[in-house]
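# Tertiary structure, described
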Amino acid sequence: GAGVSQSPSNKVTEKGKDVELRCDPISGHTALYWYRQSLGQGLEFLIYFQGNSAPDKSGLPSDRFSAERTGGSVSTLTIQRTQQEDSAVYLCATRQSVDTQYFGPGTRLTVL
Amino acid sequence: GENVEQHPSTLSVQEGDSAVIKCTYSDSASNYFPWYKQELGKRPQLIIDIRSNVGEKKDQRIAVTLNKTAKHFSLHITETQPEDSAVYFCAASTTGNQFYFGTGTSLTVIP
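Note that the coordinates shown come from a computational prediction; the quantities given were computed from them, not determined experimentally.

## Some thoughts on the side chain of Ser75 of chain A
Residues and elements named next belong to chain A. The residue Ser75 is located in strand E7 (residues 75-79) in this model. Of the residues examined, Ser75 reaches a relative accessible area of 0% and is grouped as buried. A distance of 2.9 Å separates polar atoms of two side chains, one belonging to Ser75 and the other to Trp34. Here Glu68 takes part through its backbone oxygen, which lies 2.9 Å from a polar atom of the side chain of Ser75.

## Some words on the packing of aromatic side chains
Enumeration over the complete set of coordinates arrives at 14 aromatic pairs over all chains. With a centroid separation of 5.4 Å and an interplanar angle of 85°, the aromatic rings of Tyr33 of chain A and Phe99 of chain B are classed as edge-to-face. Of this pair, Tyr33 of chain A sits in strand E4 (residues 31-37) while Phe99 of chain B sits in strand E10 (residues 99-101), which puts the two residues in different chains. Each member of the pair, Tyr33 of chain A as well as Phe99 of chain B, is classed as buried. Residues Trp35 of chain B and Phe73 of chain B carry aromatic rings whose centres are separated by 5.6 Å and whose planes lie at 65° to one another, so their mutual orientation is edge-to-face. Of this pair, Trp35 of chain B sits in strand E4 (residues 32-38) while Phe73 of chain B sits in strand E8 (residues 72-77), and the two are 38 residues apart along the sequence. An identical accessibility class is assigned to Trp35 of chain B and Phe73 of chain B; each is buried. An aromatic cluster is defined as three or more aromatic residues linked by ring pairs; in this entry it consists of Tyr33, Tyr35, Phe45, Tyr48 and Phe103 of chain A together with Tyr32, Tyr36, Phe99 and Phe101 of chain B.

## Topic: the state of the cysteines
As used here, a disulfide is simply a covalent bond connecting the sulfur atoms of two cysteines. Residues and elements named next belong to chain A. Applying the stated criterion across every chain yields a total of 2 disulfides over all chains. Bridging Cys23 to Cys92, the disulfide has an S-S length of 1.9 Å. Taking the sign of the torsion about the S-S bond as the criterion, the disulfide between Cys23 and Cys92, at about -60°, is left-handed. Taken together, the positions of Cys23 in strand E3 (residues 19-24) and Cys92 in strand E8 (residues 88-95) put the pair 69 residues apart, joining distant regions of the chain.

About the criteria used
Residues numbered from 1 in each chain as written. Chains lettered and ligands numbered in written order. Predicted model: local features only at pLDDT ≥ 70, side-chain atom pairs only at ≥ 80, totals over all residues. Heavy atoms only, no water. Helix = DSSP H or I, 4+ residues; strand = E, 2+ residues; numbered from the N terminus. Buried < 20%, exposed > 50% of the residue type's maximum accessible area, 1.4 Å probe, protein only. Polar contact = N/O pair within 3.5 Å; in protein donor to acceptor, adjacent residues only side chain to side chain. Phe/Tyr/Trp six-rings, centres within 6.5 Å; stacked < 30°, edge-to-face > 60°. Disulfide = S-S within 2.5 Å.

Structure representation (structure tokens):
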């Protein structure tokens, strides 16, 4: 079946602009995670949605970052007033009831 | 919260040799330990995982071992091939919760 998809695949923006990144999970996957991966670095946890529970936002680096998940399906990560240090690959991953987590292809964000 | 440490950060082996990557975790409640392979410019892909009720799991040339007492788990790749070259990440999780990732190991298999 279809895997996790993300859009756009690449996004170039100017410093100070807002951006929205989208994640479409695998159908039926109740858990959704956002991670940030800077060049050559590991996976930095940002936020986690599980069903109808309140999201775990403990990884969001600042109040410029927010995310929502509509109807328990599609998720949008929003970065306001982007800064150059926000440049990274943003990865979404989803999980069904058991543990295996599947990653999307990522969105490469470049802030000029 | 959980803290996962991964070693080494880089590893070079000759083709045909074995490679071992080790991770330690701090939270005894963690019960699921996946390993991901990430090729350059691509998404992390699950290659093997192990749950806390099992001590070892094998899948062809790849194996994972878990020592719950010592809180460490390891990835073993035998008969390495050039296509095994990638960055490998370990992770620890408690069922239904957040995943904590190691910092990654860049494996290079020299032909």
